[in-house]
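# Breakdown of the fold
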Amino acid sequence: MDVVLSSLIKTTTIAFLISLIPLGLFLFVHRKKREAPIAKGAWPILGHLPIFNGTQSPHRVLGTLADKYGPIFTIKLGSKHALIINNWEMAKECFTTNDMALSSRPKLVATQHLGYKGAMFGLAPYGPYWRNLRKIATLEILTNRRVEQQQHIRVSEVQTSIKELFDVWSSKRNEHNSSNYVLVDMKQWFTHLTFNMVLRMVVGKRYFGVRTNVDEEEAQRSVKALKEMMRLFGVITVGDVIPCLKLFDFGGHVKAMKRTLKELDEVLGEWLKERRHERSLSEKVDGDDNKDIMDVLLSLLDGKTIEGFDCDTIIKATILTLFTGGTDSSSVTLTWALCLLLKNPLAMKKAKEELDTHIGKERHVNESDISKLVYIQAIVKETLRLHPPAPLSGPHEFSENCTLGGYHVKKGTRLITNLWKIHTDPNVWPDPLEFRPERFLTTHKNVDVRGKYFELLPFGSGRRMCPGISFGLQMVHYSLASFLHSFDILNPTTSELVDMTEVFGLTNSKATPLEVLVKPRLSLSCYEIM
């Protein structure tokens, strides 16, 4: 009897334990499928879109939600889910462990109607076409060697622009008081400088100033269209979040995108036609050192097709990518840097002292001087920390199911990296909202901006990070150092603070002009020999 009872107990126990296996598996799977918290306040159909209708920039709105929901949470953009990450640990996990799964871009309306249907490699989905164009960008047109070869263009443009600003000062100084300061819109000056610099490097032309080789109508038309393009890239269209309504152009954004790309395509087409004609008149193109980027692209791509895109489309899309990435982001960074220096006179003083120590007042800044100007470099890093050109980075899309921060993420979910929130995390950056370039000379001395330090990612990280980092940094460092070395500046009104209002598009730029008082600080002969 005892044997039978014992056997019955064992059998019953085993059966009971076996019966618990499906429940255990269910609980295990359920635990593994736990998803990131969804922010409250989603509207029917629209999701969280209405929260972006206020005056605050989107990265600040999402930053406020991060204070409530933590470093990783989800919002609904219409029918789409977007995962928002807000600290460096999540960013590192994204762009190392899950980088392959995050290497694609969502199919946005702007990609179709502004990005040459995905031919702009920054917007292209991950695949053979993107890999081909990325290789051309990194090995041919944005290499350190190419940056060095085009040094004379950057030097020429910066010195020419400074000479032109000096001439403006000379013509207007008698109209002002004895202080000899003249009012100048530096936001416009930086815009013209970066446009000229990139345009010469890409197609050998110059838009603004006295030595232009482009008629004024073309220049104004192109700049206006490019600015509109940058604005439209920041627009969330109905079709992006509610695909079934893609046919309805609510707000007229698709119409505006088509019109804008048509205007830019005509200009790019004219440049391409001119260059082909010039090449046909010459038996051979000048040596590699003298090629501009359009020549390089024609040499590599003329007559070829890549994944269904013809040569002309690829070249125009690539040149447009260089313009959107090289002009606006650089001028935006320079403008914010000057705003921050005007608000922080002590930092301005330290920058001037460094320039006077290493350069003096009897010669110009050379690009070779930049390595010695560590405080200027720290100013640029601190500017990129507080005002990254694209504070929400470029959108990514999960191409497969993943685990991130212990949460399950479904294929098709979009990823938004709030760089501004990461850059102002008090756990990493003491006094995070304060402008303190000194931190990059002391506590954060080894942190750089090239995608390996996840606390500071103004150019992104992983496979889809910006390939033009060296190109952009060289422009910004040299332009800022040369301007600060050449001119003293003052806020025109001591009673008003510098306007730091933001306007959001593809980049987060200053909303209003940056009008400052300037006067030369070098010996006059320095300006005359430029």
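Here, every reference points to the structure presented above.
All of the points below concern the structure found in this document.

The rules behind these values
Residues numbered from 1 in each chain as written. Predicted model: local features only at pLDDT ≥ 70, side-chain atom pairs only at ≥ 80, totals over all residues. Heavy atoms only, no water. Axes fitted to C-alpha atoms, helices over the stretch in contact; angles between N-to-C directions. Helix = DSSP H or I, 4+ residues; strand = E, 2+ residues; numbered from the N terminus. Parallel < 35°, antiparallel > 145°, perpendicular 65-115°, else oblique. Contact = heavy atoms within 4.5 Å. Nonpolar A, V, L, I, M, F, W, Y, C, P; charged D, E, K, R; others polar. Pairing = 2+ DSSP bridges. Buried < 20%, exposed > 50% of the residue type's maximum accessible area, 1.4 Å probe, protein only. Phe/Tyr/Trp six-rings, centres within 6.5 Å; stacked < 30°, edge-to-face > 60°. Lys NZ or Arg CZ within 6 Å of the ring centre and 35° of its normal.

### Overview of the packing of helix α14 (residues 345-358) against helix α17 (residues 469-486)
- Orientation of α14 relative to α17, taken along the N-to-C sense of each, is 90 degrees, at an axis distance of 10 Å. The angle between α14 and α17 places the two elements in the roughly perpendicular class. Counting all contacts with α14, which are made through Met348, Ala351, Lys352 and Leu355, the residues of α17 involved are Ala481, Leu484 and His485.
- For the contact of α14 with α17, the per-class residue count stands at five nonpolar, one polar and one charged.

### Brief notes about the sheet that holds strand β6 (residues 396-397)
- A sheet is described by the order of its strands in space; here four strands give the open sequence β1-β2-β9-β6, paired in mixed fashion. Whereas interior strands pair on both sides, the edge strands pair on one side only; in this sheet they are β1 (72-77) and β6.
- Pairing analysis gives two bridges linking β6 to strand β9 (residues 414-417), with the strands arranged antiparallel. By the bridge assignment, His396 is partnered in β9 with Leu415.
- Running over the sheet, helix α2 (residues 58-69) touches β1, β2 (80-85) and β9 and is turned about 130 degrees from β1.

### Looking at the environment of Lys262
- Note that Lys262 resides in helix α11 (residues 253-281).
- For Lys262, a relative accessible area of 53% translates into the label exposed.
- A sequence separation of 37 residues divides Lys262 from Ala225, and the C-alpha atoms of the two residues are 9.4 Å apart.

### Quick word on the packing of aromatic side chains
- All told, the structure shown has 14 aromatic pairs when counted by the stated rule.
- Arranged with centres 6.0 Å apart and planes meeting at 75 degrees, the rings of Phe190 and Phe483 form a pair that is edge-to-face. Of this pair, Phe190 sits in helix α8 (residues 186-203) while Phe483 sits in helix α17; the two residues are 293 residues apart in sequence, bridging distant segments of the chain.
- You can call Phe190 buried: its relative accessible area is 0%.
- Given the relative accessible area of 0%, Phe483 is considered buried.
- Through successive ring pairs, a cluster of aromatic residues spans Trp189, Phe190, Phe483 and Phe487.
- We note Arg385 situated over the ring of Trp429; from NZ or CZ to the ring centre the distance is 5.3 Å.

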